[in-house]
Amino acid sequence: MTVATNSRAQKEVIANNMTETSDTLEKLPFMLHDFGFRGVTSVESAAIGGASHLLNFVGSDTIAGMVMGRKYYGCDMAGFSIPAAEHSTITSWGKSHEKEAFANMLDSFPNGLVAVVSDSYDIFNACENIWGKELKDKIVKRGENGGSLVVRPDSGDPPDVVIKVLEILGKAFGTTDNSKGYKVLPDYIRIIQGDGINYEMLGTVLQRMKDHKWSADNIVFGSGGALLQKLNRDTQKCAFKCSYAEVDGTARNVFKQPVTDPGKKSKKGILSLVKQNGKLETFQEGTGVDKDIMVPVFENGKLLKDYNLKEIRERAELPIVKKQQQNGF
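Before going into details, it helps to say that this report is about the structure given with it.

Overview of a nonpolar patch on the surface
Consideration 1: On the surface, a cluster of nonpolar side chains totalling about 300 Å² of accessible area is made up of Phe30, Met77 and Phe80.
Consideration 2: Structurally, the position occupied by Phe80 is in the loop between helix H3 (63-73) and helix H4 (87-91).
Consideration 3: On the basis of relative accessible area, Phe80 is assigned to the partly exposed category, the value being 43%.

Describing the packing of aromatic side chains
Consideration 1: Going through the model one piece at a time under the given rule, you end up with 2 aromatic pairs.
Consideration 2: Look at Phe173 and Tyr188: their rings are 5.9 Å apart centre to centre, the planes differ by 70°, and that puts the pair in the edge-to-face class. Here Phe173 is found in helix H8 (residues 158-173), whereas its partner Tyr188 is found in the loop between strand E5 (183-184) and strand E6 (189-193), with 15 residues between them in sequence. Both residues of the pair, Phe173 and Tyr188, count as buried.
Consideration 3: Geometry around Tyr182 places Lys213 over its ring, the cationic atom sitting 3.9 Å from the centre.
Consideration 4: In this structure, Lys268 is placed above the aromatic ring of Phe255, and the distance from its NZ or CZ to the ring centre is 4.5 Å.

Some points on the sheet that holds strand E3 (residues 148-152)
Two pairing modes exist for strands in a sheet, parallel and antiparallel, and in both the strands are linked by backbone hydrogen bonds.
Consideration 1: Strand order across the open sheet formed by 5 strands is E1-E7-E6-E3-E2, with parallel pairing between neighbours. The two strands at the open ends of the sheet, each matched to only one other strand, are strand E1 (32-34) and strand E2 (113-117). Adjacent strand axes in the sheet meet at a mean angle of 30° when their direction is disregarded.
Consideration 2: Two strands pair when backbone bridges link them, and E6 and strand E7 (residues 219-223) are joined in this way by 3 bridges, in the parallel orientation.

Here we look at the pattern of salt bridges
Consideration 1: In total, this model carries 10 salt bridges according to the counting rule given.
Consideration 2: Glu134 is paired through a salt bridge with Lys99; the nearest N and O atoms lie 3.9 Å apart. Taken together, the residues Glu134 in helix H6 (residues 123-134) and Lys99 in helix H5 (residues 98-108) connect sequence positions 35 residues apart.
Consideration 3: Taking the shortest distance from any N to any O, the salt bridge between Arg190 and Asp187 comes out at 3.3 Å.

Brief notes about the nonpolar core
Consideration 1: Grouped together as the largest cluster of nonpolar side chains are 55 residues, with contacts concentrated most on Ile14, Trp131, Leu149, Val151, Leu169, Met209 and Ile219.
Consideration 2: Apart from the residues lying within four places of it in its own chain, the contact partners of Met209 are Val162, Ile163, Leu166, Trp214, Ser215, Ala216, Asn218 and Ile219.

A look at the packing of H6 against H8
Consideration 1: The interhelical angle for the contact between H6 and H8, taken along N-to-C directions, is 15°, at an axis separation of 10 Å. Taken as axis vectors, H6 and H8 run roughly parallel relative to one another. Crossing handedness for the pair H6 and H8: right-handed. Facing Ile123, Phe124, Cys127, Glu128, Trp131 and Gly132 of H6, the residues of H8 in contact are Val161, Lys164, Val165, Ile168, Leu169, Ala172 and Phe173.
Consideration 2: In terms of residue class, the contact of H6 with H8 is made up of 10 nonpolar, 1 polar and 2 charged.

Structural notes on unusual backbone geometry
Peptide bonds are, in most cases, trans, and in most cases residues other than glycine have a negative phi.
Consideration 1: Positive phi, close to 65°, is recorded for Lys213, a residue that is not glycine.
Consideration 2: As for its position among the elements, Lys213 is in the loop between helix H9 (199-211) and E7.
Consideration 3: Located in the positive-phi region is Lys237, a residue other than glycine, with phi close to 50°.
Consideration 4: Mapped onto the elements of the fold, Lys237 is located in the loop between helix H10 (225-228) and strand E8 (244-247).

Notes on the pairing of strand E11 (residues 279-283)
Consideration 1: Sheet analysis places strand E10 (residues 272-276) next to E11, joined by 5 bridges and oriented antiparallel. Within E11, the residue paired with Leu273 across the bridge is Thr282.
Consideration 2: Between E10 and E11, which pair antiparallel and follow one another directly, the connecting turn spans 2 residues, one of which, Asn277, has a positive phi of 50°.

Criteria and thresholds
Residues numbered from 1 in each chain as written. Predicted model: local features only at pLDDT ≥ 70, side-chain atom pairs only at ≥ 80, totals over all residues. Heavy atoms only, no water. Patch = residues over 30% accessible without salt bridge, like charges linked within 9 Å, V, L, I, M, F, W, Y side chains within 5 Å. Areas by Shrake-Rupley, 256 points an atom, 1.4 Å probe, with all protein chains shown as cover. Salt bridge = Lys/Arg side-chain N within 4 Å of Asp/Glu carboxyl O. Helix = DSSP H or I, 4+ residues; strand = E, 2+ residues; numbered from the N terminus. Buried < 20%, exposed > 50% of the residue type's maximum accessible area, 1.4 Å probe, protein only. Phe/Tyr/Trp six-rings, centres within 6.5 Å; stacked < 30°, edge-to-face > 60°. Lys NZ or Arg CZ within 6 Å of the ring centre and 35° of its normal. Pairing = 2+ DSSP bridges. Axes fitted to C-alpha atoms, helices over the stretch in contact; angles between N-to-C directions. Core = buried A, V, L, I, M, F, W, Y, C linked by side-chain atoms within 4.5 Å. Contact = heavy atoms within 4.5 Å. Parallel < 35°, antiparallel > 145°, perpendicular 65-115°, else oblique. Left-handed = near helix turned anticlockwise from the far one by under 90°. Nonpolar A, V, L, I, M, F, W, Y, C, P; charged D, E, K, R; others polar.

Structure representation (structure tokens):
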């Protein structure tokens, strides 16, 4: 629940920025990639969190989440990824052979997308000289076949590093302005920022890009621990509590209202979820029952409603995306 909410909130930030700086929202489902598997406490938590993120996006390295989507939610392939280098696949070549390590990635995966972490030693030198000069022809040629290189900075202050990398790559490969007046790199080169990304930082990076007239089309984001692990029940103040009981046939509201912390007051009585004026509101003590939109899914050991991932994704979709879909975009 918390992962899905956090992921959707980040999707909303990205969608709003793309609406202002990009020509379409076509890339939106791939804009936040799940890197969190290795940072969680178990395969089970990776599966639950990974599947929750896949309600909002389709980019993920958390295979357990995709397995869960297939096993329990009727989705044969809920997420996708691309070939990607990590630091040891670059540094094991030695500092003096970083160019050869980069070239090996391009040669080993000659078609489609490939991501290469480029900050093992000097991200700015890598972008300006290795990618921008020594391997430039390979990258351009890759683009002729519809392929793309995704450069990955992975250290430093994200807003500063992203802007500097974009400026270096823009100088080396050129840019065009989209219909909204924002700069876009050639299709064959992009960047992914996967270090330090959470809700707040993601918005900061996108705002900095907008301030410097860079379209969100130039970047995708990755998030690991902050997406799947850096959270608890207090992140969204979420808890399951008993609110109603019948004792010897007599109805009884069950709640707490500690004088030392009014914020911990719990809801009481039979609860209903009612949609009013486009907003959801919880009604207490049996009111609103006739308008309750909640559907029993699991009761007394029996599964009453088996939703598939497609249905849940449609329900969770952002209004801004639904509006564009209705308008044929």
